[in-house]
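# Secondary and tertiary structure notes
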Amino acid sequence: MAAGSRFARVDEEEINQLIDDAIPKKWLHLRYPFEELENLSKEILAERPTKFYQELKQDDGREYSRSAHVAIRAGINRYLTSERVGKTFINHK
């Protein structure tokens, strides 16, 4: 492998497409077609994840592992608390 070939260059449009294709956004669009993840109130953000995690399955129908759920939750939180969105998704106690 040539030096530097491990990482592909992506532009802003490709990054936005990856975000739009994310599992949580697809799920929300299927269940609540008129809602956008970035525009949900804190009350709805507290409610939606419970249903999302209950319905989340692998392609073959199996449940995700606990560690996979933790990683997915961390990714959602990272996105929602980014400068782009600026929300809080996980309630840290």
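Just so it is clear, the structure is predicted and the values come from calculations on it, not from any experiment. (Residues numbered from 1 in each chain as written. Predicted model: local features only at pLDDT ≥ 70, side-chain atom pairs only at ≥ 80, totals over all residues. Heavy atoms only, no water.)

### Observations regarding the pattern of salt bridges
Counted by the stated rule, this structure contains 7 salt bridges. Of the charged contacts, one joins Glu63 and Lys57 as a salt bridge, the two residues approaching to 2.8 Å between their closest N and O atoms. We note a salt bridge from Asp60 to Arg62, for which the minimum N-O separation is 2.8 Å. Several salt bridges share partner residues, and in doing so they unite Arg31, Lys51 and Glu55 into one network. (Salt bridge = Lys/Arg side-chain N within 4 Å of Asp/Glu carboxyl O.)

### Looking at the nonpolar core
Burial of nonpolar side chains together is a common tendency in soluble globular proteins. If you look at the biggest cluster of nonpolar residues, it comprises 13 residues, and the most contacted ones within it are Leu37, Phe52, Tyr79 and Leu80. Residue assignment for this core shows that the elements contributing at least two residues are α2 (23-31), α3 (42-55) and α4 (66-80). Aside from chain neighbours lying at most four places away, what touches Tyr79 is Ile19, Lys25, Leu37, Glu38, Arg84 and Val85. (Core = buried A, V, L, I, M, F, W, Y, C linked by side-chain atoms within 4.5 Å. Buried < 20%, exposed > 50% of the residue type's maximum accessible area, 1.4 Å probe, protein only. Helix = DSSP H or I, 4+ residues; strand = E, 2+ residues; numbered from the N terminus. Contact = heavy atoms within 4.5 Å.)

### Some words on the side chain of Arg48
Relative to the elements of secondary structure, Arg48 occurs in helix α3. Looking at Arg48, its side chain comes within polar contact range of the side chain of Glu47, at 2.5 Å. Apart from the residues lying within four places of it in its own chain, the contact partners of Arg48 are Trp27, Leu28, Tyr32, Glu35 and Leu40. (Polar contact = N/O pair within 3.5 Å; in protein donor to acceptor, adjacent residues only side chain to side chain.)

### Structural notes on α2
Along an α-helix, residues three or four apart share an orientation, since each turn contains 3.6 residues. Listing the buried residues of α2 in full gives Pro24, Lys25, Trp27 and Leu28. Across the axial projection of α2, the buried residues extend over an arc of 160°, all falling on one side. Turned more than 90 degrees away from the buried face of α2, the exposed residues are His29 and Leu30. (Arc of directions from axis to C-beta.)

### Considering α3
With 14 residues, α3 should reach 20 Å at 1.5 Å per residue; the first-to-last C-alpha distance of 21 Å fits that figure. Residues of α3 that are buried include every one of Leu45, Arg48, Pro49, Phe52 and Tyr53, and no others. Elements that come into contact with the buried residues of α3 comprise α2 and α4. (Expected span 1.5 Å × (residues − 1).)

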